[in-house]
Amino acid sequence: MLGIIGGSGLTQLANLDVSHREVVRTPYGEPSGAITFGEIGGQPAMFLARHGYGHTIPPHEVNYRANIWALWHKGATGIVSVASVGGIRADLAPGDIVIPHQIIDYTWGRRSTYHEGEGCTVTHIDFTEPYDRALRQMILLAASDVGVSAHASAVYAATQGPRLETAAEIDRLERDGAEVVGMTGMPEAVLARELGVPYAAINVIANYAAGRADSKDGISFEAIEGVLRESMDRVRIVIDRLAGCHAEVCAAAD
Ligand code: HPA
């Protein structure tokens, strides 16, 4: 079953035909909210709002371990994370959809592994390719099937937030090789990897990153709201198609 984590601009999935909601208890505390179960285009799916349904949990306070564990526990065979980002690469404009392929992690102080605490043996995992390649390809295919254009790669920088970056920080991220910047991509991706659940992201460019183009003298939150409203409609169309593709692949693998 496809699991979808919605970020800012996607606290509900209008195309999810809801069957029930469930508050999942986890060994890691409370997830951001109840998981919503249902069907998308006739295929089972579940949805979790990363910042809570009232959008009250900031990026550094999200219980990523509980969220990913809850989706895994409920049988997620793939997790698609939807998140808004700032665009650093010059060709990425507000409203664009991007499927990132790499991550640079600048976050700190977040609980970012399941392999810690009493009785745990030291465990290292391979994270060379942080997103699941097959799921990324499936998202790109679904987007092209429904005529939604998406950039096929980007290096995602995960910053701590909740404040946005300074212009100099964005310059530094660019020198490091980052192309988009967001606050929630880590440790989500690594936790999914630790549990063995394929994970990929759909990023929506909400704004030019600080100090760039329209954001040269500051970032307009009003503009962001409008951009997200329009682009999340396109994301929903992609997810509609993706739910079907994911179910077909899972059925073939059974
Ligand atoms: N920076 C970090 N996170 C973001 C941004 C940004 O400019 N826009 C949306 N999420």
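Here the structure is a predicted model, which is why all the values come from computation and not from measurement.

## Observations concerning the overall build of the chain
Here is step 1 of the chain: For the chain, the helix and strand inventory stands at 5 helices and 10 strands.
Here is step 2 of the chain: Along the three orthogonal principal directions, the C-alpha set of the chain runs to about 50 × 45 × 35 Å.
Here is step 3 of the chain: Residues counted as buried form 50% of the 254 residues belonging to the chain.
Here is step 4 of the chain: By sequence separation, contacts in the chain at least 24 residues apart represent 80% of the contacts at least 6 residues apart.
Here is step 5 of the chain: On the chain, roughly 11,500 Å² of surface is accessible, and the fraction owed to carbon and sulfur atoms is 51%.
Here is step 6 of the chain: Here the chain contributes 20 positively and 31 negatively charged side chains, and the mean placements of these two sets differ by 2 Å.

## Regarding the site of the ligand
Here is step 1 of the chain: Every residue close to the ligand is listed here: S84, V85, G86, L164, E165, V181, G182, M183 and N207.
Here is step 2 of the chain: The backbone of S84 places a nitrogen or oxygen atom 3.4 Å from a nitrogen atom of the ligand.
Here is step 3 of the chain: The side chain of N207 places a nitrogen or oxygen atom 2.7 Å from a nitrogen atom of the ligand.
Here is step 4 of the chain: For the ligand, whose unbound accessible area comes to 260 Å², protein coverage reaches 92%.
Here is step 5 of the chain: Elements represented by at least two residues in the shell around the ligand include exactly β5 (78-87) and β9 (180-182).

## A short note on the pattern of salt bridges
Pairs can form between side chains of opposite charge once their charged atoms are near each other.
Here is step 1 of the chain: Evaluated as defined, the whole model comprises 14 salt bridges.
Here is step 2 of the chain: Put simply, R133 and E129 hold a salt bridge, and the shortest N to O gap is 2.9 Å.
Here is step 3 of the chain: A relative accessible area of 54% places R133 in the exposed class.
Here is step 4 of the chain: The class of E129 is partly exposed, set by a relative accessible area of 29%.
Here is step 5 of the chain: Across the pair E174 and R212 runs a salt bridge, and its minimum N-O distance is 3.0 Å. In this pair, E174 sits in helix α3 (residues 167-176) while R212 sits in the loop between β10 (199-208) and α5 (221-253), placing the two residues 38 residues apart along the sequence.
Here is step 6 of the chain: In this structure E174 comes out as partly exposed when scored by relative accessible area, which is 37%.
Here is step 7 of the chain: Classification of R212 as buried rests on a relative accessible area of 16%.

## Structural notes on unusual backbone geometry
Here is step 1 of the chain: Cis peptide bonds are those with omega within 30 degrees of zero, and the linkage from G161 to P162 qualifies with -5°.
Here is step 2 of the chain: Position of P162 relative to the elements: it lies in the loop between β8 (155-158) and α3.
Here is step 3 of the chain: In the segment running from M186 into P187, the intervening peptide bond is cis, with an omega of 10°.
Here is step 4 of the chain: In this structure, P187 sits in helix α4 (residues 185-195).

## Comments concerning the packing of helix α1 (residues 64-73) against α4
Helix packing for two helices is described by the angle between their axes and how far apart those axes are.
Here is step 1 of the chain: For the pair α1 and α4, interaxial distance at closest approach is 9 Å and the crossing angle is 40°. Taken as axis vectors, α1 and α4 run oblique relative to one another. The handedness of the crossing between α1 and α4 is right-handed. Of α4, the residues touching α1 (which contributes Y64, R65, I68, W69 and W72) are M186, P187, E188, L191, A192 and L195.
Here is step 2 of the chain: In terms of residue class, the contact of α1 with α4 is made up of 9 nonpolar, no polar and 2 charged.

## Description of the packing of aromatic side chains
Here is step 1 of the chain: Under the defined criterion, the tally for this structure stands at 3 aromatic pairs.
Here is step 2 of the chain: For the pair Y131 and Y199, a centre-to-centre distance of 6.2 Å together with 10° between the ring planes defines the contact as stacked. Of the two residues, Y131 sits in the loop between β7 (102-105) and α2 (133-145) while Y199 sits in strand β10, which places them 68 residues apart along the sequence. For the pair shown, Y131 and Y199 are each scored as buried.

## Topic: the side chain of E179
Here is step 1 of the chain: When you line up the elements, E179 lands in the loop between α3 and β9.
Here is step 2 of the chain: Classification of E179 as buried rests on a relative accessible area of 19%.
Here is step 3 of the chain: Setting aside anything within four residues of it in sequence, one finds E179 in contact with G86, G87, I88, R89, L92, H101, A154 and V155.

Rules used throughout
Residues numbered from 1 in each chain as written. Predicted model: local features only at pLDDT ≥ 70, side-chain atom pairs only at ≥ 80, totals over all residues. Heavy atoms only, no water. Helix = DSSP H or I, 4+ residues; strand = E, 2+ residues; numbered from the N terminus. Buried < 20%, exposed > 50% of the residue type's maximum accessible area, 1.4 Å probe, protein only. Contact = heavy atoms within 4.5 Å. Areas by Shrake-Rupley, 256 points an atom, 1.4 Å probe, with all protein chains shown as cover. Lys, Arg positive; Asp, Glu negative; His and termini not counted. Charge placed at Lys NZ, Arg CZ, Asp CG, Glu CD. Near = heavy atom within 4 Å. Polar contact = N/O pair within 3.5 Å; in protein donor to acceptor, adjacent residues only side chain to side chain. Salt bridge = Lys/Arg side-chain N within 4 Å of Asp/Glu carboxyl O. Axes fitted to C-alpha atoms, helices over the stretch in contact; angles between N-to-C directions. Parallel < 35°, antiparallel > 145°, perpendicular 65-115°, else oblique. Left-handed = near helix turned anticlockwise from the far one by under 90°. Nonpolar A, V, L, I, M, F, W, Y, C, P; charged D, E, K, R; others polar. Phe/Tyr/Trp six-rings, centres within 6.5 Å; stacked < 30°, edge-to-face > 60°.

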